[in-house]
Amino acid sequence: MALGYALVAPIVVIMLVVIAYPLLNAVWTSLRDQRLIGSDSDFVAFETYAKVVGDPSFWAALRRSGLWLIGNMAVQTVLAFGAALLMQRRGWWARSARVWVMLPWVVPTVAVTIIWQWMLNSSYGVVYKAFEAVGIDLGSPFGNPVWALPVIILVNSWHWFPLTAVVVYGALATVPGEVIEAATIDGANAWQTFWAVTFPLLQPVLFAVALVGSLWSFNILDTIFLITEGGPADATTTLPVYVYNTAFSAFRASEAAAASVLTVIVLGIAALLFVRFARPKEL
Amino acid sequence: MSALTTPGRAVRAIPRVVVMALLTLVVLGPIYWITISSFKPRSELISTSPTLLPREWTLENFERLFATTKYPLFLSNSFVVAIGTTVVTLVVSIAAAYGLDRLRVPGAGKISGVVLLSYMIPGTLLIVPLYVTLAQLGLIDSHAGLVLVNVAFTAPFCTWLLRGFILAIPIEIDEAAALDGAGPLRTMFQIVLPLLLPGVATVAVYSFVFSWTEFVFASQFIMSDGLDTLPVGLKAIIGQYTVDWGLVTSATLFTLLPTVLLFLAVGRFFVGGLIAGATK
């Protein structure tokens, strides 16, 4: 038993030092009126929270985060399911896809953002030129307030969908072939079989993937920051970008901390509701 | 091959083949494009009608990358941080998974909750207080500090992933070893660890890729140019000049090459391990 505690101790210590202690620090900062990080400040209780809640750009950022989350989950689910269903088949394509489909995930985020900016470049970009050839002018998507967020969602989905695809593929492999066969013999078509047999069997895995994937997506900063830094005109300022800019550009440390604490609370409630209502019956 | 002989089936396969082709294009196209772009001379890179292959192959972009930027230094920094993160993650998460699931330290069932909780916290939120903490520990502007931070984010997920593998090893094996007089430490190293290898490989690849691609913490907690990792260095190469696409494309290729090669070598095991760990 003593050995057991000794083995678990390192991870506990690291998480206390790197996550729990700074988190408490952030909560403490959120109750003060600090501006420049580390500067002198006074205790103001919930005054900073009132300021953040009264800031329309906080709500705008929350709304964009909602769109970001829904967009990412929708695009990634479609890509991941499509890929997983095809990877399951026989043949050289499926066999090789099981490895190369993961490649977008191992490409560093900075490289991902450069590759797509290069391909969408309105003077030399191959994707831009391809669309131009069929008569569609993409303009400069990252400089357009309407298109910037959707296009970054697509770029981010390209980077992250492989992880979901592989997990779904693994889950599909656990569905017994006999069950599918039985459904087919009973006259169900592929679509009916998928919804009536495969989908329910996949539910526990999908539940976990949706929960972890949503939290993961919500907190993404780097993809957005590296491409637009939240612009143009705040069009891509989701909550993490809002927090970052508030702390490091506007030098309002306490407001950034308060906004983050509110983010954690919102995510916590959303996750609890999701667990409460979407958890598969048998778990 | 019956698909080729029966016209009906062949026709029905068309949508599937189209989707396969599209998926291949979407996944591999960008990687292909950055690769061949970096072999194009400047005149072709800024041509308004890009070609699928360089008309004239050149290595000048790579020569400039190595001669005029600190790429080699960034590369070795990235290796130090990624290998450091991988080794520490392995030690910490194997120890934790073994302690929780084999030596029955209370709390094993709570791991998923803790993993979830650590994803709920925006990394952005931690930048400022973490900076202060690292400064207090004397770990700011050092690779050791960066490794510590990376491990805090890889280890919980890896411990959770390893659980599935440990639970799959029958406890009777441990009991037999104990009967033969092996202590718990010896059982762990000589009996359980070798059976855990697929899980260990998965966790190693995950933490290596995580720290290789990590940008936010590396850009905030490292101040000296000489200590920067590749993602941060790559960002600086773009920012330095009016975009020099030859340099940017070659630097991008050389930033993604190490993880892509690693993955092509061991990816099969990683995919298998991720599936085994996540679906259990």
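Residues numbered from 1 in each chain as written. Chains lettered and ligands numbered in written order. Predicted model: local features only at pLDDT ≥ 70, side-chain atom pairs only at ≥ 80, totals over all residues.

Let's talk about the overall build of chain B
Basically, it comes down to this: Strands here are runs of E lasting at least two residues and helices are runs of H or I lasting at least four, both read from the DSSP assignment and numbered beginning at the N terminus. In this description the radius of gyration comes from C-alpha coordinates, and the expected globular size is given by 2.2 Å times residues to the power 0.38. Residues are called buried when their C-beta atom has 20 or more other C-beta atoms within 10 Å, exposed when it has 12 or fewer, and partly exposed otherwise; all C-beta atoms are positioned from the backbone. The contact rule is simple: place each C-beta atom from the backbone, and if two of them lie within 7 Å, those residues are in contact.
Scanning chain B from N- to C-terminus turns up 14 helices and zero strands. Helices and strands in chain B line up, N terminus first, as α-α-α-α-α-α-α-α-α-α-α-α-α-α. By the compact-globule yardstick of 19 Å for 280 residues, chain B is too spread out, its C-alpha radius of gyration being 24 Å. Residues classed as buried in chain B amount to 44% of the 280 residues present. In chain B, of all internal contacts separated by at least 6 residues, the share reaching a separation of at least 24 is 76%.

Notes on the confidence of the model for chain B
Low pLDDT means the predicted atomic positions in that stretch should not be read closely. Residues and elements named next belong to chain B. Filter applied, for reference: On a range of 0 to 100, pLDDT expresses the predictor's confidence in each residue.
For chain B, per-residue confidence averages 86 on the pLDDT scale, and residues scoring 70 or more make up 95% of the total. Taken element by element, the predicted model of chain B shows its lowest mean pLDDT in helix α1 (residues 2–5) (49) and its highest in helix α5 (residues 71–101) (93). Prediction confidence for the complex, expressed as pTM and ipTM, is 0.89 and 0.87 respectively.

Focus on the UniProt feature "transmembrane region" (unreviewed entry) in chain A
Residues and elements named next belong to chain A. Using the following cut-off: UniProt positions are given in the numbering used here, feature names are shortened, and annotations may be inferred rather than shown by experiment.
The feature "transmembrane region" (unreviewed entry), as annotated in UniProt, sits at residues 7–28, 66–87, 99–119, 147–172, 193–216 and 256–275 in this numbering. Taken end to end, residues 7–28 is 100% helix and 0% strand, and its first and last C-alpha atoms sit 32 Å apart. From the first C-alpha to the last, residues 193–216 spans 31 Å; its make-up is 100% helix and 0% strand.

Here we look at the interface of chain B and chain A
Put simply, the rule reads: Basically, the charged four are Asp, Glu, Lys and Arg, the nonpolar ten are Ala, Val, Leu, Ile, Met, Phe, Trp, Tyr, Cys and Pro, and anything else, Gly included, counts as polar.
Every contact between the two is made by 76 residues of chain B and, on the other side, 70 residues of chain A. The element contributing the most residues to the side of chain B that touches chain A is helix α14 (residues 245–278) of chain B, with 16 residues. For the side of chain B that touches chain A, a count of residues per class yields 55 nonpolar, 18 polar and three charged.

Topic: the UniProt feature "domain: ABC transmembrane type-1" (unreviewed entry) in chain A
Annotation from UniProt places "domain: ABC transmembrane type-1" (unreviewed entry) at residues 62–274 of chain A. Span residues 62–274 of chain A is 76% helix and 0% strand, its end C-alpha atoms 18 Å apart.

Thoughts on unusual backbone geometry
Residues and elements named next belong to chain A. Positive phi outside glycine occurs at Glu-229, with the angle close to 55 degrees. Looking at the secondary structure, you find Glu-229 in the loop between α11 (222–227) and α12 (239–248). You will see that Asp-234, though not glycine, has its phi angle at about 65 degrees, which is positive. Topologically, Asp-234 is positioned in the loop between α11 and α12.

Thoughts on the environment of Ser65(A)
Here Ser65(A) is to be found in helix α3 (residues 56–87). Along the sequence, Ser65(A) and Thr237(A) sit 172 residues apart, while their C-alpha atoms lie 8.2 Å from each other.

Side note on the domain arrangement of chain B
Residues and elements named next belong to chain B. Heads up, the condition is: Domain start and stop positions are those given by an automatic or database domain assignment.
Segmentation of chain B into domains returns domain 1 (2–60) and domain 2 (62–278). Here domain 1 and domain 2 have C-alpha centroids that lie 33 Å from each other. The partner domain 2 presents nine residues to the nine residues of domain 1 that form the contact. Take the side of domain 1 that touches domain 2: its biggest share by element is three residues, from helix α2 (residues 7–37). Taken together, the residues that form the side of domain 1 that touches domain 2 break down as four nonpolar, three polar and two charged.

Observations concerning the environment of Thr159(B)
Within the element layout of this structure, Thr159(B) appears in helix α8 (residues 143–168). Taking the C-beta count within 10 Å as the criterion, Thr159(B) has 28 such neighbours and is therefore assigned buried. For the pair formed by Thr159(B) and Pro198(B), sequence separation is 39 residues and the distance between their alpha carbons is 14 Å. Beyond its immediate chain neighbours, meaning those up to four positions away, Thr159(B) contacts Ile11(A), Ser93(B), Ala96(B), Ala97(B) and Ile111(B).

Quick look at the environment of Glu47(A)
All names here are of chain A. With respect to the secondary-structure elements, Glu-47 resides in helix α2 (residues 47–53). With 14 C-beta atoms counted inside 10 Å, the residue Glu-47 sits in the partly exposed group. A sequence separation of 16 residues divides Glu-47 from Leu-31, and the C-alpha atoms of the two residues are 7.5 Å apart.

Re the packing of helix α4 (residues 60–68) of chain B against α14(B)
Residue and element names in this part refer to chain B. Note the following rule: Axis angles are defined between N-to-C directions and span 0 to 180 degrees, where every axis is a line fitted to C-alpha atoms and, for a helix, only to the segment in contact. Should an angle fall under 35 degrees it is taken as roughly parallel, and over 145 as roughly antiparallel, whereas 65 to 115 is taken as roughly perpendicular and any remaining angle as oblique.
Close contact between α4 and α14 brings their axes to 9 Å; oriented N to C, the two are set at 80 degrees. Judged by the inter-axis angle, α4 sits roughly perpendicular to α14. Where α4 abuts α14, its residues Asn-61, Phe-62, Arg-64 and Leu-65 lie against Gly-246, Leu-247, Thr-249, Ser-250, Ala-251 and Phe-254. For the contact of α4 with α14, the per-class residue count stands at five nonpolar, four polar and one charged.

What to know about the packing of helix α1 (residues 2–30) of chain A against helix α13 (residues 253–278) of chain A
All names here are of chain A. Stated formally: When the near helix sits turned anticlockwise from the far one by under a right angle, the crossing is termed left-handed; a clockwise turn instead gives a right-handed crossing.
At their nearest, the axes of α1 and α13 sit 7 Å apart, and the two run at 120 degrees to each other. On the basis of their axis angle, the class for α1 and α13 is oblique. As for how α1 packs across α13, the hand of that crossing is left-handed. For the pair α1 and α13, the contacting residues are Ala-26, Val-27, Thr-29 and Ser-30 in the first and Ala-253, Ser-254, Ala-257, Ala-258, Ser-260 and Val-261 in the second. A breakdown of the residues in the contact of α1 with α13 according to their chemical character gives six nonpolar, four polar and no charged.

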